[in-house]
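# Tertiary structure, described
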Amino acid sequence: CPPPCALWVIPQPPAQHRRAMFSSKNNKFDGNKCKVHLKMLVNRFKLLEAKKANLNKQANRHVAGLLSEGKSESARIQVEHIIREDYTVEAYEALRQHVEVLL
């Protein structure tokens, strides 16, 4: 029976497989591949920004409904969530701008 600490060791793939997984031909940087990935990343950030912004608009309408029903405590919780999501959208925008600078 192996000692208990032997079970904690996580097997690593051989070095040759690790290199092949994270690099292109002959371990050289491929600028074209990087540029394509950065362009895709910009599009993903734009989609995420739009999606979160639309969800925030819906949540604002929901909060207005809660306030009109007199459920101020539930509305307060929803507003905190909306604020957190707004910060997330701003972070996506900042990251997208940084990626655009790289292009």
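Residues numbered from 1 in each chain as written. Predicted model: local features only at pLDDT ≥ 70, side-chain atom pairs only at ≥ 80, totals over all residues. Heavy atoms only, no water.

## Topic: the confidence of the model for the chain
The predicted coordinates should not be examined in detail at positions where pLDDT is low. Put simply, the test is: On a scale of 0 to 100, pLDDT captures the predictor's confidence in every residue. Secondary structure follows DSSP: runs of H or I at least 4 residues long count as helices, runs of E at least 2 residues long count as strands, and numbering of each begins at the N terminus.
The share of residues in the chain with pLDDT of 70 or more is 74%, and the mean pLDDT across the chain is 81. When the elements of the chain are averaged for pLDDT, helix α1 (residues 15-22) gives the smallest value, 53, and helix α3 (residues 72-102) the largest, 92.

## Here we look at α3
To keep things clear, this is the line we draw: Here a helix's expected span is defined as the number of its residues, less one, multiplied by 1.5 Å. Relative accessibility decides the category of a residue: with a 1.4 Å probe and only protein chains considered, values under 20% of the type maximum give buried, values over 50% give exposed, and everything between is partly exposed. Any two residues whose heavy atoms approach within 4.5 Å are treated as being in contact.
Helix length check: α3, at 31 residues, gives a terminal C-alpha distance of 45 Å against a target of 45 Å (1.5 Å per residue), a fit within 8%. For α3, every residue scored as buried is listed here: Ala 75, Ile 82, Glu 85, Val 89, Tyr 92, Arg 96 and Val 99. Looking at the buried positions of α3, the neighbouring elements they touch are α2 (31-68).

## Remarks on the side chain of Arg 96
Along the polypeptide, Arg 96 turns up in helix α3. Apart from the residues within four sequence positions on either side, Arg 96 is in contact with Val 42, Phe 45, Lys 46 and Glu 49.

## Some thoughts on the packing of α2 against α3
Which entries qualify depends on this criterion: Lines are fitted to the C-alpha atoms to define the axes, a helix being fitted only along its stretch in contact, and any angle between axes, read from their N-to-C directions, falls within 0 to 180 degrees. In what follows, roughly perpendicular refers to angles from 65 to 115 degrees, roughly parallel to angles under 35, roughly antiparallel to angles over 145, and oblique to any angle outside these ranges. Crossings are assigned a handedness: left-handed for a near helix turned anticlockwise from the far helix by less than a right angle, right-handed for a clockwise turn.
Close contact between α2 and α3 brings their axes to 9 Å; oriented N to C, the two are set at 165°. What the angle tells us is that α2 and α3 run roughly antiparallel. Seen along the crossing, α2 lies across α3 with a hand that is left-handed.

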